[in-house]
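Tertiary structure, described
The chain contents come next:
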Number of protein chains: 2
Amino acid sequence: MAGPSGKKDKAEKAGPSGKKKKEVKKETGLGLSVKKDENFGEWYSEVCKHEMIEYYDISGCYILRPWSMAIWEIMQSFFDAEIKKMKVKNCYFPLFVSPGVLEKEKDHIEGFAPEVAWVTKSGKSDLEVPIAIRPTSETVMYPYFSKWIRGHRDLPLKLNQWCNVVRWEFSNPTPFIRSREFLWQEGHTAFATKEEADEEVLQILELYRRIYEEYLAVPVVKGMKSENEKFAGGLYTTSVEAFIPNTGRGVQGATSHCLGQNFAKMFEINYENEKGETAMVWQNSWAYSTRTIGVMIMTHGDDKGLILPPKVASVQVVVIPVPYKDANTQGIFDACTATVSTLCEAGIRAEEDLRDNYSPGWKYSNWEMKGVPLRIEIGPRDLENDQVRTVRRDNGVKEDIPRGSLGKHVQELLEKIQQNMYEVAKQKREACVEEIKTWDEFIEALNKKKLILAPWCDEEEVERDVKARTKGETGAAKTLCSPFEQPELPEGTLCFASGKPAKKWTYWGRSY
Amino acid sequence: MAGPSGKKDKAEKAGPSGKKKKEVKKETGLGLSVKKDENFGEWYSEVCKHEMIEYYDISGCYILRPWSMAIWEIMQSFFDAEIKKMKVKNCYFPLFVSPGVLEKEKDHIEGFAPEVAWVTKSGKSDLEVPIAIRPTSETVMYPYFSKWIRGHRDLPLKLNQWCNVVRWEFSNPTPFIRSREFLWQEGHTAFATKEEADEEVLQILELYRRIYEEYLAVPVVKGMKSENEKFAGGLYTTSVEAFIPNTGRGVQGATSHCLGQNFAKMFEINYENEKGETAMVWQNSWAYSTRTIGVMIMTHGDDKGLILPPKVASVQVVVIPVPYKDANTQGIFDACTATVSTLCEAGIRAEEDLRDNYSPGWKYSNWEMKGVPLRIEIGPRDLENDQVRTVRRDNGVKEDIPRGSLGKHVQELLEKIQQNMYEVAKQKREACVEEIKTWDEFIEALNKKKLILAPWCDEEEVERDVKARTKGETGAAKTLCSPFEQPELPEGTLCFASGKPAKKWTYWGRSY
């Protein structure tokens, strides 16, 4: 699908996304029109458009093309297998919610109401009652939890669904990061005791950390959300938080909530315990979404385009023939095909690019743009020496590998790339962390786009006040999370904002 | 979740489905309140409610519980792997369609317009333009096919998505078979030549046949839809058709459409061919949905409840201890656990039911109700003789198996059950087929709930006329399909309805 345009006018026909200039660039494979450091927003949108996303004619909706969908599917098979080990079962609840149920939990609906999309007509006729499209499924599911859970033997109840949800946001949409419809999994569980619920919250959070750090090679911080930032209607919210150095913004990566007994009260989710008494369940809900892909793109991409971590790349290695005038072209092509099958047998996702209408150079930049972790070139000299030339996407390092030990060698290379991408991202992130003590240091760090670690009194008032005092067109600063790994907090340390005694270290910053 | 009710009043709280009487029955595991032959509709709804489906408080929407979702996931992994072998790639297009695009293909929208759900509000504010929810995604996807397809090298383009679609039907909803929201896969492909498109239509249809016959053990007929019954806006529609003897109704199992060039014209999906000329693509679309599960339930279920084919059962074998007064109860329990692990090691999906609050008899009927293909009982005598007692769900046949050869034996048993379920279903279906020649024979066969095979002139007028003449509260008769395997059609055979020369044999009947 990366072929040259038979008719460039086509670009105009494709609605909002079809900017002619960029189409041409894309077609000629000459790379991006802006640099990551110069115009991050434009850079991100260009990189996304390169086969990951297609902009759609309804604002805030995006098409996930196979190149990004494959990444989602790889994460999905990892996570789905892990939760099944935890005895979570998949199910599917309806897309639609009736108003009465949606509004049952007051704080919860206050959090979502402004973003809810309403169906009011079918065909030409009006519905008797408008019907909401799920922004999340707590209120969709819990009336049935109430029905299904009767005795202590019905607990724990652990359900999950993979689905689409809709939040009709108007704040500027961004592919993957903020869209009106997105794909996610949402887990909903009920337990007899708070201890069991608390334990699961952290088990799931650990899986989210692994998705980011082991699969997407994106470093995250595990921590607790503030009262202001926790899930509407829940007891407490834990999250994994990522940070984008270029914009100095935090990104909430995924959340694992303990809902306590608040929803159980609203929806009367009771059960008969061993003693024959009626008791109330403890609930969790947890979710991660296609936002993960956006965070990965922002973290690793460079001025040549995407860089995909090997573990989630649908094509880990691309093999490109480098024929030379009177050299044995057929031999080179055969070597490419043989190389691909050797790699595939070794369990590596490899593809050759034998297209005859592109130069090797064009192919290099095209596959670099697509972020394939490793490129293998095979030319006359390689053929002679029974070797291949490998080129890493993450750092450009070239290496000649004897064809004999190809599988083992490439496997090791891919692991190195995965590891290196994580290390580099981690160093960049840590270079942005700034520990501050006073308001002036806070403002200065904020303006320097730092990830701010500050001693805080942990009072809602104070966070609201900080938001108010930092409001601007770049958005207000807020808490990202209080990391579980707390630096030492010396006796008598004061809150940077209120001057009251500090209770904990908390990460602050602007966020997506 | 199958535990006894700690508080039966709970039943009332669960909306439409919470009929107290049935809840009690379900709880006590005493089986169904009606027989399959006596009241099929009620029987079907009761069987579905037994952990497959939960009725939802919005009419026409249903909750897929883990017991049915697992079946969907098993079919999904088969089909997804098969289409990936065919180089089909997964993607995800938005749930929403703008009116302009939706209405672009006239015949197509005429077919769907009455069932389209419209979003008109977000939060408290009206949308500038109402937005449709996809009933299917041809019009959602094809503007982008037009953009992505430029040269002949971009072809074939083969995309698929797993998603939910919404058709706001008002004809009486039925779990799985006819619901307002359902899950499906929809494949959308574009080719340079009609030959390639024609070939894929049949490749996909064969996969659908395999889902029904090899996985769900449901016999189907492959054939061609009539002009009246084909996909709105397409060139021709092929389908796999199932038949439900109890109601004498056909069910369209899945469809594989050749769209020809009609959508390509509307959406200007052109490409530059090898000669440098502008040409138009040939397109297909194909889908199967959660309806498959409903057809399976209707086909195999009996008065004891569900019967699941081993290949799609999330639990293929349930192991139940049968303790006896002064017998070695612990030994029996240990034998059950050991049996389960032996089976799991052999790749069989097995579970034990060691609950101490139910009698073996209660467990038997409970697992029979859930349709688990094979039950293993272990009692004192079995322990002594180092054997287990197997009981088949499909025919009740009991057998004692030495514990030594358990894995191999059970594997064979499961294959036998799968095969037998298919054979039995096929015999029942064939017993319903009636070949007719005249209108009187047609009406008689229709009243006898037969699957009617009739010689037909293949004229739209005539099918419309037959529909009109057979209209009644049980629904009009129509063509189901013209089977690809045509019986011989003797020279001079006349159409049963029009008396004109017959062109082909066609299946007729009432349908879901």
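Thresholds, definitions, all that
- Residues numbered from 1 in each chain as written.
- Chains lettered and ligands numbered in written order.
- Predicted model: local features only at pLDDT ≥ 70, side-chain atom pairs only at ≥ 80, totals over all residues.
- Heavy atoms only, no water.
- Pairing = 2+ DSSP bridges.
- Helix = DSSP H or I, 4+ residues; strand = E, 2+ residues; numbered from the N terminus.
- Axes fitted to C-alpha atoms, helices over the stretch in contact; angles between N-to-C directions.
- Contact = heavy atoms within 4.5 Å.
- Buried area = accessible area lost by both parts, 1.4 Å probe.
- Salt bridge = Lys/Arg side-chain N within 4 Å of Asp/Glu carboxyl O.
- Polar contact = N/O pair within 3.5 Å; in protein donor to acceptor, adjacent residues only side chain to side chain.
- Nonpolar A, V, L, I, M, F, W, Y, C, P; charged D, E, K, R; others polar.
- Disulfide = S-S within 2.5 Å.
- Buried < 20%, exposed > 50% of the residue type's maximum accessible area, 1.4 Å probe, protein only.
- UniProt positions renumbered as here; feature names shortened; annotations may be inferred.
- Left-handed = near helix turned anticlockwise from the far one by under 90°.
- Right-handed = clockwise from strand over helix to strand, strands pointing away.

Turning our attention to the sheet that holds strand 19 (residues 398–402) of chain A. All names here are of chain A. Reading across from one edge, 16-15-17-18-19 is the order of the five strands in this open sheet, with mixed pairing throughout. Edge strands, defined here as strands with exactly one partner in the open sheet, are strand 16 (350–352) and strand 19. Taken pair by pair, the neighbouring strands of this sheet meet at an average axis angle of 25°, ignoring direction. Bridging between strand 15 (residues 317–321) and strand 17 (residues 374–378) involves five bridges; their strand directions are parallel. The partner of Val318 across the bridge, within strand 17, is Arg375.

With 79 residues of chain B at the interface, the matching set in chain A holds 80 residues. Both faces combined, the contact of chain B with chain A buries some 6700 Å², and carbon together with sulfur accounts for 58% of it. Of all residues in chain B, Tyr92(B), Lys147(B) and Arg150(B) bury the most surface against chain A, accounting for 11% of the area lost on that side. In this assembly, chain B and chain A are joined by six salt bridges. Two residues, Lys147(B) and Glu54(A), come together in a salt bridge whose shortest N-O distance is 2.5 Å. Applying the counting rule to chain B against chain A returns 32 residue pairs in polar contact (both at pLDDT 80 or more). For the side of chain B that touches chain A, the residue count by class is 42 nonpolar, 15 polar and 22 charged. Where strand 5 (residues 117–122) of chain A and strand 5 (residues 117–122) of chain B come together, five bridges link them in antiparallel fashion.

Right, let's talk about the state of the cysteines for a bit. Residues and elements named next belong to chain A. Applying the stated criterion to the full structure yields zero disulfides over all chains. With no disulfide of its own, Cys336 lies closest to Cys344 among cysteine sulfurs, the gap being 13 Å. Taking relative accessible area as the criterion, Cys344 reaches 38% and is therefore assigned partly exposed.

Moving on, we get to the side chain of Gln161(B). All names here are of chain B. Within the secondary structure, Gln161 is located in strand 7 (residues 157–166). Using a relative accessible area of 0% as the deciding quantity, one classes Gln161 as buried. A distance of 2.7 Å separates a polar atom in the side chain of Gln161 from the backbone nitrogen of Phe93. In contact with Gln161, not counting residues within four places along its chain, are Cys91, Tyr92, Phe93, Arg134, Ser137, Met141, Trp184, Gln185 and Glu186.

The next thing to look at is the UniProt feature "domain: Aminoacyl-transfer RNA synthetases class-II family profile" (unreviewed entry) in chain A. Mapped onto this numbering, the UniProt entry gives "domain: Aminoacyl-transfer RNA synthetases class-II family profile" (unreviewed entry) at residues 94–309 of chain A. Overall, residues 94–309 of chain A shows 27% helix and 36% strand. The separation of its end C-alpha atoms is 35 Å.

Attention shifts here to the packing of helix 2 (residues 40–49) of chain A against helix 9 (residues 291–300) of chain A. Helices that pack against each other are described as a pair by the angle of their axes relative to one another and the distance between those axes. All names here are of chain A. At a minimum axis distance of 11 Å, the contact between helix 2 and helix 9 shows a crossing angle of 115°. Between helix 2 and helix 9 lies a crossing of right-handed hand. Every residue of helix 9 that contacts helix 2 at Phe40, Trp43, Tyr44, Val47 and Cys48 is listed here: Gly294, Ile297 and Met298. Tallied by class, the residues present in the contact of helix 2 with helix 9 amount to seven nonpolar, one polar and no charged.

Moving on, we come to the pairing of strand 15 (residues 317–321) of chain B. All names here are of chain B. Counting buried residues in strand 15 gives five out of five residues, a clear majority hidden from the surface. Residues Val317, Val319 and Pro321 of strand 15 are buried on one face, and the alternating residues Val318 and Ile320, pointing to the opposite face, are buried as well. Of the strand pairs in this sheet, strand 15 and strand 16 (residues 350–352) are connected by three bridges, and their pairing is parallel. Bridging from a neighbouring strand, Val319 pairs with Glu352 of strand 16. In terms of handedness, the path from strand 15 via helix 10 (residues 329–345) over to strand 16 forms a crossover that is right-handed.

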